[in-house]
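Each chain is listed here by its residues.
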There are 2 protein chains.
Amino acid sequence: MKISKLQAFTPLFYLVWSDDLLTQKEFATLQEFIKSLNFLSGEEKEYLLSKVDISNPPSRNELAQWKVDIERSIQDKSSVKSIFDIAKALSESDVDLTPIESDFKKLENDLGILGEEALQNFKTKTGSFTADSQTDASFDIQNITQILDGNEAAIIKKVKSVISRPEFAYETSTDINVFRETVYKWCKILADENLGNMAYPKKYGGGENIADYFAIMETLSYHDLSLVIKFGVQFGLWGMSVQSLGTEKHYAKYLKDIGSLKLPGCFAMTETHHGSNVKGLETTATYNHNDQTFTIHTPNKNAQKEYIGNAAVHGQMATVFAKLIIDGHDYGVNAFVVPLRDPNGNVVNGVTIGDCGHKMGLNGVDNGTISFDNVIIPKENMLDRFASVNDKGEFESPIPSDNRRFFTMLGTLVGGRIGIPRSALAAAKSGLTIAIRYSDQRRQFGPEGGSEVPILNYRMHQRRLLPHLAKTYAVHFALQYLTKRFLNRTESEMQEIESLAAGMKSYSTWSTRDILQECREACGGKGYLSENRIDALKNDTEIYTTFEGDNTVLMQLVAKNRLAEFRKSFGEMGSLGIINYVYENAKTAFTEKNPIATRRTDEEHLLDNEFHLQAFVHREKTILASAARRIKKLVDGGLEAYDAFNVVQHQMIEVAEAYLERIVLEQFQVAIKEVEEQQSKAILTKLSQLYALSQIEKNKAWYLEDGYMEAVKTKAVRKIVNQLCWDIRPDAVALVNSFNIPESCLAAPIAAHL
Amino acid sequence: MKISKLQAFTPLFYLVWSDDLLTQKEFATLQEFIKSLNFLSGEEKEYLLSKVDISNPPSRNELAQWKVDIERSIQDKSSVKSIFDIAKALSESDVDLTPIESDFKKLENDLGILGEEALQNFKTKTGSFTADSQTDASFDIQNITQILDGNEAAIIKKVKSVISRPEFAYETSTDINVFRETVYKWCKILADENLGNMAYPKKYGGGENIADYFAIMETLSYHDLSLVIKFGVQFGLWGMSVQSLGTEKHYAKYLKDIGSLKLPGCFAMTETHHGSNVKGLETTATYNHNDQTFTIHTPNKNAQKEYIGNAAVHGQMATVFAKLIIDGHDYGVNAFVVPLRDPNGNVVNGVTIGDCGHKMGLNGVDNGTISFDNVIIPKENMLDRFASVNDKGEFESPIPSDNRRFFTMLGTLVGGRIGIPRSALAAAKSGLTIAIRYSDQRRQFGPEGGSEVPILNYRMHQRRLLPHLAKTYAVHFALQYLTKRFLNRTESEMQEIESLAAGMKSYSTWSTRDILQECREACGGKGYLSENRIDALKNDTEIYTTFEGDNTVLMQLVAKNRLAEFRKSFGEMGSLGIINYVYENAKTAFTEKNPIATRRTDEEHLLDNEFHLQAFVHREKTILASAARRIKKLVDGGLEAYDAFNVVQHQMIEVAEAYLERIVLEQFQVAIKEVEEQQSKAILTKLSQLYALSQIEKNKAWYLEDGYMEAVKTKAVRKIVNQLCWDIRPDAVALVNSFNIPESCLAAPIAAHL
């Protein structure tokens, strides 16, 4: 029995006994193989079969020896490419194995062993492609921070310094009463720093700086989100409702005390049965001409005000939305200032307050219910900018339609729909900073024999986090744009801006929801511990998709607005216009939808900003036109408009989404154009490419259905998204550090800056 | 001035002043229009212009009068189809408006008014298509419950009766110490009812019924999820590790006390630095032959055991996984029983316990860290079913490979990967029951003049919830199948079953994550209040995607297993087999991918079970073959296997997903085949169609890329998914009621059964 000959079988033995996946059947296959080899003697076969007897395994030491033998045999032999090559190397040159080469390879096949892969168990590793990737920033962090902060750098810095003070250490008590008081104290400090009244007129102690107010909201959101919501309820909703819906007499009476938090208050719009459909509010404000008062009343349990922030504990007054009734006539929903508590905190007669109790998040905010039992308030408490009752007791308003007046009133409150998405953006930045820093440090698995690898080096992990990082940068610039549009608004732009705000509110808050979910999972068990803060970030922002307007409902509104615009532009164009539109579309079809373009997969094209924007614009226009056609067809076919809109609700969401995605990409590209410093420009450009291409990938079914891209192109998009993630990975930590979130706010031990 | 002539303009006036969207520009358009009408006198024009003067709005009363006029004029005139028709009706027959008809229609266009839609503002509504849909079950709820419960009906009933007792009222304290004690007490009651030891041998007081044990886990999950996890840690992880990894002496010593909760214990595998990659655990168990003991030691901070359930407060012992060291040699990871506390709760010498503190959810479970400082345990404490130290102090094991031995040990613990997805399924059922019942009662918006409509009648709302409902039914049957496979397993099936369990664990827990997210949003603000329980359901199950194996890592394992199977089957087929495979694929291409099939959109085909399963199977096979080819190509191209697998990680997830989706659909269809009662069969069939088609819709980009479907077909799929949602809506409440969740467990006020 020639042992050197039989050594050829060692790699097979080793693989069979060490492999985690082989089963009894494979043992049988190997036994059959040995029996079939004619060049072996009976004795040799018996010896070999004894090594693959499932009831008689080798000892652990024998197995280890096999491995050593194999590794020694293939050292320095780079020509070794298969299990058969190892067999040859082991048997050295004294046996000719050539005759059994094909049998051997067939066996490898039958066992499901991929030679090249199995081989790697035996080769000493000197690092690997995957293991070698690491953090290595290509740009100066401070430059990016400067670009992000823009003109608001000074106020951002001030807010950060305030919330980094020791008294802003996070509240860890799970007792909501303790938490509520802490948040209230924080708000008081912010008021004392003149941050709360930043948007109010100087005449009433304010800063008259709305841009700064939004920057404050966003920066506060790096800290506890109960704080930002309580702050927003007091200074934004309560204070701004007085400022937007009231007149001089109300400003003089309330604004200063609201700004200093001497007069905590509420914004009481939502009722139990009317949240999205606020037009249907049932609370009444009945005018009594005799004594020049209004009686505020909750007609039934489901008309109670609900979820009202500041109501359960601190609020002393509220802007209450109620149907104005004069002489039995309903004049639609108007706003009234109604006292809730006296300065000592005692609830006033006729008012009943409930506590919404424990919530999924934001437990530092005292949400409550409010019912009114014929509460009488003086006539001057009507916030009378858009409607009033004159001296004769008659209703007066420059806006005759009740509906239109109400929506005009709501329109003045659109600021909330800018503050919330910006707060959501900040929460996403916090989550990504925690998850990306952790993923850069956390190691798990690695190449055979090498050390473990940072999990951010894994493609799936990059896929999970980096497109979100790109999207967060994109949304940042889009929200800057929205804010700028709002600050420079003219009357005629208001509808567009309201619609954009509603849309961006949905887009940003849904984005944050997805990002924080991914961050939680990407941090594994560590992400589940409250100390690492994803808990609070996630649960606090969970309601962002609902409050200030349910996202799904808002998206329907955005789509309806787009449809109206579309119809108008069609009208304005006239018949010649329509011909032009058709011609333009045909041109698109020619330049963008020709067989060369739909199949183009070269990198230059796929990374081209123009291609990205064209693809987004094409999608936006086509979906819009298609939705318009479909509704018209349904209505022409006899369906009520209400029913027709219900049938296309799903498509309406797409109309709005395509519009918002186009805006977000467009504004990202515009912002990058303004950057001069080359390294910053380069990394932002990469992020915009990743944003654009990952959205195209998300929407690829649409592009394929439309014929705008063919399969070869959408597959190339997937590949280049992977590549961009890989390329951005070394910059990922620097990109989250550029958000420049105070370490005391991040607080998560797993995000500790090493 | 002829007023009747001018009345023709009333509908325009009304629309301009009442519409929420018209802007200054549109006022100008209307003014131009009036000026351009030659058949009007100067005086008439002036009068009309006065009505569209933005600085001089009509009074609210005038506006109201216009509406009354218009409504009266079109009553009973079903021929009225446009604004122009109203104008004609208003001006009665004394003026011929025909000459301005085209101008009028152009104006409507320019204003962006869609005549048919605007018209509906004036028509009295007698209900609408959308409003008329309502709950109306087509089947007997008890029949479906019976099908779902199957053979486990008796134990399910028993568990439900126990958890409905008053002492199982939910704990509302946010103090985690209080909560932990409550959960412990609940576990004690369950142990006293002989529910904890259900899976143990009768010899040790158990029920020897693993099927019942899984049913208990699932049913308990209708109640607090901290309870089910604490229960699972004690009786599943701790008890089953003793049973699976130990031998008779351990059973005799521990099982009875574990089953009665006299001996609370832990399953201490995960370490701070090793969660997913448990092969890399660093805790050591060093054998001392002199005194026949092991020394258990934590070599560094990051090797401490972490997230260990039952550790922080109650655990008295733990199954500790540690590297066995004999004479300086490392024999791989093995399991040892190590004491943590004495019966009085005092931590033993050498053991240090930390508290994981507050978590996102499951705060009734006392997770902790454990460090060992040279803790000495007797030799008999090694759980020695798969490896032992013999009397000579030598290592012995029937499994020579350390790796393989460890994975064999893990394989015996696969039960946890059945319990968790079944628990997740129950949580999804609870969430859907709450959200669907609420959506059936909650009304918001409605047709003009009609009452508000249940939000479940809105297509988007149906889209958000009903495909999830279908998926929940599908997953139910797939988990029943997995359980059955596990209970009847043979040795040779173990790898397949382990892989299936790992996959279904991921599939079910991710599904639950998505479902509860959607339920929260679908319930709006109510969904955010803790009292409605989506909070707890969502936050408790959040970690399900991580523990018992991180889903993303598990999916990679499933995919690797599929690849190995694929290669083997290729091997077994031989070259003739490969020809057959190619031929089979060509046949698919011919029968399923011919132009007629890829474009077929008739309902009979789209609803056909065979079409669904074929589409799933085709996707599964094609993705698998493509991933195999791609890896081979990368490795052939010189990449290390480790790097190659990293490059295709994203595709690997798809491999696993396509496999799981096929299993889930297949098992749903198999289960339906066994149902005889016709109404049950019909509704389950509808659900399986909705599951299949909504998955196809989700994957439509793939089908388009592959050429299995053309755009016309994927668009038809979208339409039929919408239609199925609409058709299932009247049965939706009955379908969640069929889950038969105890009302005391649901507990959410918004889900109260009316």
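Residues numbered from 1 in each chain as written. Chains lettered and ligands numbered in written order. Predicted model: local features only at pLDDT ≥ 70, side-chain atom pairs only at ≥ 80, totals over all residues. Heavy atoms only, no water.

An unreviewed UniProt entry lists chain A under the name Acyl-CoA dehydrogenase, with Flavobacterium chungbukense as the source organism. Recorded under Sequence similarities (unreviewed entry), the UniProt text for chain A is reproduced unchanged: "Belongs to the acyl-CoA oxidase family." In UniProt, chain A has this text filed under Cofactor (unreviewed entry): "FAD". (UniProt positions renumbered as here; feature names shortened; annotations may be inferred.)

Undergrad: Mind showing me how you'd approach the relation of the copies chain B and chain A here?
TA: The two chain copies are related to each other by a rotation about an axis together with a translation along it. Turning chain B through 180° and shifting it by 0.0 Å along the axis lays it on chain A, with an RMSD of 0.1 Å. Taken together, the rotation and translation relating the two chain copies correspond to the operation of a two-fold axis. Minimal C-alpha distance to the rotation axis in chain B is attained by Ala 701 of chain B, lying at 2.0 Å. Interface overlap between copies: 99% of the residues of chain B at the interface are likewise at the interface in chain A, consistent with a symmetric, same-surface contact. (Least-squares fit on C-alpha atoms with pLDDT ≥ 70 in both. Contact = heavy atoms within 4.5 Å.)

Undergrad: I tried to follow the domain arrangement of chain A on my own but got confused; where do I start?
TA: Interfaces are often described in size by the accessible area the parts lose on coming together. With domains assigned, chain A is organised as domain 1 (3-124), domain 2 (165-413) and domain 3 (418-751). For domain 1 of chain A and domain 2 of chain A, the distance between their C-alpha centres works out to 79 Å. (Domains from an automatic or database assignment.)

Undergrad: Could you clarify how one ought to interpret the sheet that holds strand β8 (residues 368-372) of chain B in this entry?
TA: Neighbouring strands of a sheet are bound in pairs by backbone hydrogen bonds; such pairs are parallel or else antiparallel. Residue and element names in this part refer to chain B. Pairing is antiparallel in the open sheet, where three strands are placed in the order β4-β8-β7. Looking at the sheet topology across the chains shown, the edges are occupied by β4 (305-308) and β7 (351-355). Here the average twist between neighbouring strands, direction ignored, is 25°. With two bridges joining them, β4 and β8 adopt antiparallel strand pairing. Note on β8: the bridge partner recorded for Ile 308 is Gly 368. (Pairing = 2+ DSSP bridges. Helix = DSSP H or I, 4+ residues; strand = E, 2+ residues; numbered from the N terminus. Axes fitted to C-alpha atoms, helices over the stretch in contact; angles between N-to-C directions.)

Undergrad: How should the UniProt feature "domain: Acyl-CoA oxidase C-alpha1" (unreviewed entry) in chain A be read in this particular structure?
TA: Per the UniProt record, "domain: Acyl-CoA oxidase C-alpha1" (unreviewed entry) is annotated on residues 411-560 of chain A. Each end of residues 411-560 of chain A is marked by a C-alpha atom, and these two atoms are 16 Å apart; helix forms 73% of the span and strand 0%.

Undergrad: In this structure, what is going on with the packing of helix α17 (residues 416-441) of chain A against helix α19 (residues 494-522) of chain A? I would like to understand it.
TA: When two helices pack together, their arrangement is given by the angle between their axes and by how far apart the axes lie. Residue and element names in this part refer to chain A. Taken N-terminus to C-terminus, the directions of α17 and α19 make an angle of 20°; their axes are 8 Å apart at the nearest point. One finds that α17 runs roughly parallel with respect to α19. Our pair here, α17 against α19, has a crossing hand that is left-handed. Judged by residue contacts, Arg 417, Ile 418, Ile 420, Pro 421, Ala 424, Leu 425, Ala 427, Ala 428, Gly 431, Leu 432 and Ala 435 of α17 engage Ala 501, Ala 502, Met 504, Lys 505, Ser 508, Thr 509, Thr 512, Ile 515, Leu 516 and Cys 519 from α19. Classifying every residue of the contact of α17 with α19 by side-chain character gives 15 nonpolar, four polar and two charged. (Parallel < 35°, antiparallel > 145°, perpendicular 65-115°, else oblique. Left-handed = near helix turned anticlockwise from the far one by under 90°. Nonpolar A, V, L, I, M, F, W, Y, C, P; charged D, E, K, R; others polar.)

Undergrad: Is there a simple way to explain the side chain of Ser 226 of chain A in this structure?
TA: Take Ser 226 of chain A: it is sitting in helix α14 (residues 225-245). When neighbours within four sequence positions are excluded, Ser 226 of chain A is seen to be in contact with Phe 179, Val 183, Leu 362, Asn 363, Gly 364, Val 365 and Asp 540 of chain A.

Undergrad: Even after reading the chapter, I still don't get the interface of chain B and chain A, so can you show me in this structure?
TA: Listed by partner, the interface residues are 131 residues for chain B and 131 residues for chain A. Here chain B and chain A share an interface that buries about 11,400 Å² over both sides, 51% of which is from carbon and sulfur atoms. The largest share of the area that chain B buries against chain A comes from Arg 60, Tyr 528 and Tyr 642 of chain B, three residues that together contribute 8% of it. Taken together, the connections running from chain B to chain A amount to 70 residue pairs in polar contact (both at pLDDT 80 or more). The greatest single-element share of the side of chain B that touches chain A, amounting to nine residues, is contributed by helix α21 (residues 551-591) of chain B. (Buried area = accessible area lost by both parts, 1.4 Å probe. Polar contact = N/O pair within 3.5 Å; in protein donor to acceptor, adjacent residues only side chain to side chain.)

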